[in-house]
Amino acid sequence: MSGMLKKYILWTYVMFFVFLIVIGLTMFLLKSQLIVDILIVLSSWTATFVFVTMFGKIYPQGNLWNFIKSQFRETIRISTVLCVVFIQFLVLIGSLLMTNKVWGLPIHEQLTLSWTSLLIVFGYNLILGPLGEELGWRGFVLNELQKRFSPLKSAIIVGLVWGFWHTPLWLMSGYSGLQLVQYIICFLGAIVAISIIITAIYNLNHNLIIPIIIHQLFNFSMAIQVGNVLNALTVTSVLYLIVAVVLVLVNYKKCLYK
């Protein structure tokens, strides 16, 4: 991993931690939920903020706006988008059915069914993570790693870096003891699996719309499940790992993964 890549990751972590400290102080001193919500959204954009700030050092001869446009230039196949949506739909349905089977929770009690709530959750989650993170994690980090490593190794590295970036949120989850361990393992497993899935499909088109869609559908599907969060995350992480393994096996001979 290059020195510039390491610096980028370090500063992304540092800026995220600083944002969390500011959010905590704001909650304690100002007690303004609106300001806190704005800061939470901004904190999710640290991967982009750091990349934009460091762009001149990362690509001294490059132009930021041209770089951003290049990340969305390649044509996306409709079949690719349909495949992405279908995979996410199967994972969600699988999670609901398994939760119903194992814990006996009716499917209608596992989901937010209000159309207003669904629209608000969809929009909020879109600006909270997918739009703010993918330029950095995939547009820069993944593409740079793939210049030196195989797609599979690059995907795992990005997944781990991206996953551990959420460490403060794990500690703020409210879980403790074995439940916290389970939460961290399942969260990290899901993140690494999604990173593998994103890499496999992104490499077919090299358009950041693909990572954004996959990231958004994952966040959205988790957000609309209103049952036991830990149970839903556990089942979802297992299903995503299965999908990731299948994609690796299917694409192995095509040299997507070496």
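These remarks concern the structure in this document. (Residues numbered from 1 in each chain as written. Predicted model: local features only at pLDDT ≥ 70, side-chain atom pairs only at ≥ 80, totals over all residues. Heavy atoms only, no water.)

## Comments concerning the overall build of the protein
Short version of the rule: Comment: elements are numbered from the N terminus, with helices defined as DSSP H or I runs of at least four residues and strands as E runs of at least two. Only the C-alpha atoms count toward the radius of gyration. The rule for a globule is 2.2 Å times the residue count to the power 0.38. Classification of residues uses two cut-offs on accessible area relative to the type maximum, computed with a 1.4 Å probe and protein chains only: under 20% is buried, over 50% is exposed, and between them is partly exposed.
When its secondary structure is counted, the protein shows 12 helices and 0 strands. The linear arrangement of helices and strands in the protein, starting from the amino end, is α-α-α-α-α-α-α-α-α-α-α-α. By the compact-globule yardstick of 18 Å for 258 residues, the protein fits well, its C-alpha radius of gyration being 19 Å. Out of the 258 residues in the protein, the part that is buried amounts to 48%.

## Some remarks on the packing of aromatic side chains
Basically, it comes down to this: Centres within 6.5 Å make a pair out of two Phe, Tyr or Trp rings, where for Trp the six-membered ring is used; the pair is then stacked when the planes are under 30 degrees apart, edge-to-face when over 60, and tilted otherwise. The criterion for a charge sitting over a ring is simple: Lys NZ or Arg CZ within 6 Å of the ring centre, and within 35 degrees of the ring normal.
Counted under the stated rule, the structure contains 19 aromatic pairs. Centroid distance Phe 122 to Phe 220: 5.2 Å. Interplanar angle 80°. Geometry classified as edge-to-face. Of this pair, Phe 122 sits in helix α6 (residues 115-128) while Phe 220 sits in helix α11 (residues 209-223), and the two are 98 residues apart along the sequence. Residue class for Phe 122 comes out partly exposed when judged on its relative accessible area of 35%. Geometry around Phe 28 places Lys 31 over its ring, the cationic atom sitting 5.6 Å from the centre. Taking the ring centre of Trp 162 as reference, the NZ or CZ of Arg 138 above it sits at 4.3 Å.

## Details of the layout of surface pockets
What counts, and what does not: Of the two site types, the cavity is a set of points on a 1 Å grid over the protein atoms alone where a 1.4 Å probe fits but cannot get out, and the pocket is an open set with protein on both sides within 12 Å along at least five of seven lines, each lined by residues with an atom within 4 Å of a point. Grid points are joined across faces, edges and corners, and a volume is the space filled by probe spheres set on the points. Following the grouping adopted for this structure description, the nonpolar residues are Ala, Val, Leu, Ile, Met, Phe, Trp, Tyr, Cys and Pro, the charged ones are Asp, Glu, Lys and Arg, and the polar ones are all others, Gly among them.
Quantified by volume, the largest pocket comes out at close to 900 Å³. Lining the largest pocket are 28 residues, and of these Leu 128, His 166, Leu 169, Tyr 183 and Phe 187 lie nearest its centre. Among the elements of the structure, α1 (3-29), α2 (33-43), α6, α10 (177-205), α11 and α12 (229-251) are those that each provide at least two residues to the lining of the largest pocket. Of all the elements, α11 adds the most residues to the lining of the largest pocket, at 5 residues. Partitioning the lining of the largest pocket into residue classes produces 18 nonpolar, 9 polar and 1 charged.

## Here we look at the packing of helix α5 (residues 78-103) against α11
Going by this rule: Axes, fitted as lines to C-alpha atoms, cover a helix only where it is in contact. Angles between the N-to-C directions of the axes lie from 0 to 180 degrees. Should an angle fall under 35 degrees it is taken as roughly parallel, and over 145 as roughly antiparallel, whereas 65 to 115 is taken as roughly perpendicular and any remaining angle as oblique. Throughout, a crossing is termed right-handed when the near helix is turned clockwise from the far one, and left-handed when it is turned anticlockwise from it by less than a right angle. By the convention used here, residues are in contact when the closest approach between their heavy atoms is within 4.5 Å.
The N-to-C vectors of α5 and α11 enclose an angle of 20°; their axes lie 10 Å apart at closest approach. Compared by their axis directions, α5 and α11 come out roughly parallel. Our pair here, α5 against α11, has a crossing hand that is right-handed. Counted together, Thr 80, Val 81, Val 84, Val 85, Gln 88 and Leu 92 of α5 and Ile 210, Ile 213, Ile 214, Leu 217, Phe 218 and Ser 221 of α11 form the full contact between these two elements.

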